[in-house]
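# Structural characterization, general
Now for the letters of each chain:
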Amino acid sequence: AQLDASLAARLEARLGARIHRASSVSGGDINAAFRLELEDGRCLFAKTNAKAPREMFAAEAQGLAWLGEALAVAVPQPVEVFEDALVLPWIESGARTAASDEALGRGLAQLHRHGAPCFGAPPLSREGERVCFIGPIRQDDAAHERWSDFYVEQRLRPRLDQALAAGQLGEPERRAFESIFSRMPQLAGPREAPARLHGDLWAGNAMVDAGAQPWIFDPAAYGGHREVDLAMMRLFGGFSTRVFDAYAEAFPLAAGFERRVPLWQLYPLLVHVCLFGGSYVGQLRACLAALR
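These lines cover the structure that appears in this document, whether it is placed above or below. (Residues numbered from 1 in each chain as written. Predicted model: local features only at pLDDT ≥ 70, side-chain atom pairs only at ≥ 80, totals over all residues. Heavy atoms only, no water.)

### Observations regarding the overall build of the chain
For the chain, the helix and strand inventory stands at 9 helices and 11 strands. For 292 residues, the compact-globule estimate of 2.2 N^0.38 gives 19 Å, and the C-alpha radius of gyration of the chain, at 19 Å, lies within 12% of that figure. A total of 292 residues make up the chain; the buried ones form 50% of that total. Sequence-distant contacts, at least 24 apart, represent 66% of the contacts inside the chain between residues at least 6 apart. When the accessible surface of the chain is split by element, carbon and sulfur atoms take 51% of a total near 13100 Å². Each charge class in the chain can be summarised by its mean position, and for the 31 positive and 35 negative side chains these summaries are 4 Å apart. (Helix = DSSP H or I, 4+ residues; strand = E, 2+ residues; numbered from the N terminus. Rg over C-alpha atoms; globule rule 2.2 N^0.38 Å. Buried < 20%, exposed > 50% of the residue type's maximum accessible area, 1.4 Å probe, protein only. Contact = heavy atoms within 4.5 Å. Areas by Shrake-Rupley, 256 points an atom, 1.4 Å probe, with all protein chains shown as cover. Lys, Arg positive; Asp, Glu negative; His and termini not counted. Charge placed at Lys NZ, Arg CZ, Asp CG, Glu CD.)

Encoded structure:
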């Protein structure tokens, strides 16, 4: 991929320096990504998408800043944000170590402990609109006092309706979800204060830099139940047991966490069904079966 010329001109104007080289790098399934070498010596990362939903990059930039407020695990802070691009510092990657795994677990515990004002995303506008994105999917995050209400009404039900409308799920799945919705206050476990969540924490959204410091990025940040991040980390693998052990040492989990893992994995699996289709339906059904 090549960096769009008009975007390059806007970047140069905003950054105050010419782009010496723009090299295409891996940026996931949704956006194009580039390593920008500027003539003033700076090296930056830019993710771009000419068809990005309005506010997608603005919400991501806000999420990064909001997570960074906790001064916990390292989070890249926005350099510039456009409707079709987000610019971040370039982070040189390094190798994971036992120490970096431990630092990630403890940093994540500190991030969660920092808390959030409510269950829901921070307001994106002066009007108090609460919105964040997971990939290109807009999540309207109206605040709730009870986590079980938020999880059903702002997470599971909208994606279930989307998957049903697209024909990716059918009546058996709808009935299984309705049963879970009716039992959510009991299934969700002991009451917990809102944690400051990354919201999309799979292994592709975490890295270690050249100094072995862990970083997290590409968030769908909001105030939610802290077990959600941990369940997402376990869904597709890529994190060592030391990460989870260090987390639990720093911020012990409530009894019954293992039983709740399938409950929290329902949402990322629904998102994957909506984005990528039927290959994830089997995993979703397995989680539903575990919650009967």
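### Considering the packing of aromatic side chains
A full pass over the atoms with the stated rule returns 11 aromatic pairs. Measuring from centroid to centroid gives 6.3 Å for Phe236 and Tyr280, while their planes differ by 75°, and the two rings are edge-to-face. A residue pair is termed long-range when its members are at least 10 positions apart, and Phe236 in the loop between helix 6 (227-235) and helix 7 (241-250) and Tyr280 in the loop between helix 8 (257-276) and helix 9 (281-290) qualify at 44 residues. Judged by relative accessible area, which is 33%, Phe236 ranks as partly exposed. Within the aromatic cluster, the residues linked to one another by ring pairs are Phe119, Trp147, Phe150, Tyr151, Tyr222 and Trp264. We note Arg113 situated over the ring of Phe251; from NZ or CZ to the ring centre the distance is 4.0 Å. Over the face of the ring belonging to Tyr267 we find Arg155, whose NZ or CZ atom lies 5.6 Å from the ring centre. (Phe/Tyr/Trp six-rings, centres within 6.5 Å; stacked < 30°, edge-to-face > 60°. Lys NZ or Arg CZ within 6 Å of the ring centre and 35° of its normal.)

### Quick look at the pattern of salt bridges
A complete count under the given rule lists 28 salt bridges for this structure. A salt bridge links Arg96 to Asp101; its shortest N-O distance comes to 3.2 Å. You can call Asp101 buried: its relative accessible area is 9%. In this structure, a network of salt bridges that share partners links the residues Arg54, Glu55, Glu129, Arg138 and Asp140. (Salt bridge = Lys/Arg side-chain N within 4 Å of Asp/Glu carboxyl O.)

### Structural notes on the sheet that holds strand 1 (residues 19-25)
One open sheet holds the 5 strands; their spatial order is 1-2-3-5-4, and the pairing between them is antiparallel. A single partner strand is all that each edge strand has here, and the edge strands are strand 1 and strand 4 (80-81). In this sheet, strand 5 (residues 85-89) lies alongside strand 3 (residues 43-48) in antiparallel orientation, the contact comprising 5 bridges. Each bridged residue has a counterpart across the sheet, and for Leu44 the counterpart in strand 5 is Pro89. Its contacts with the sheet place helix 2 (residues 56-68) against strand 3, strand 4 and strand 5, and it is angled at close to 25° to strand 5. (Pairing = 2+ DSSP bridges. Axes fitted to C-alpha atoms, helices over the stretch in contact; angles between N-to-C directions.)

### A look at the packing of helix 6 against helix 7
Two numbers describe how helix 6 lies on helix 7: the axes approach to 11 Å, and their chain directions differ by 170°. One finds that helix 6 runs roughly antiparallel with respect to helix 7. Once helix 6 is placed against helix 7, the crossing between them reads as left-handed. Of helix 7, the residues touching helix 6 (which contributes Leu230, Met233 and Arg234) are Val243, Phe244 and Tyr247. Tallied by class, residues from the contact of helix 6 with helix 7 come to 5 nonpolar, no polar and 1 charged. (Parallel < 35°, antiparallel > 145°, perpendicular 65-115°, else oblique. Left-handed = near helix turned anticlockwise from the far one by under 90°. Nonpolar A, V, L, I, M, F, W, Y, C, P; charged D, E, K, R; others polar.)

### Regarding the nonpolar core
Trp147, Tyr151, Leu156, Phe177, Leu266 and Leu284 are the most contacted members of the largest nonpolar core, which has 74 residues in total. The dominant element in this core, judged by the number of residues it contributes, is helix 8, at 11 residues. Excluding anything up to four places from it in sequence, Leu156 contacts Tyr151, Phe177, Phe181, Met184, Leu266, Tyr267 and Leu270. (Core = buried A, V, L, I, M, F, W, Y, C linked by side-chain atoms within 4.5 Å.)

No statement about biological role is implied by the geometric values presented.
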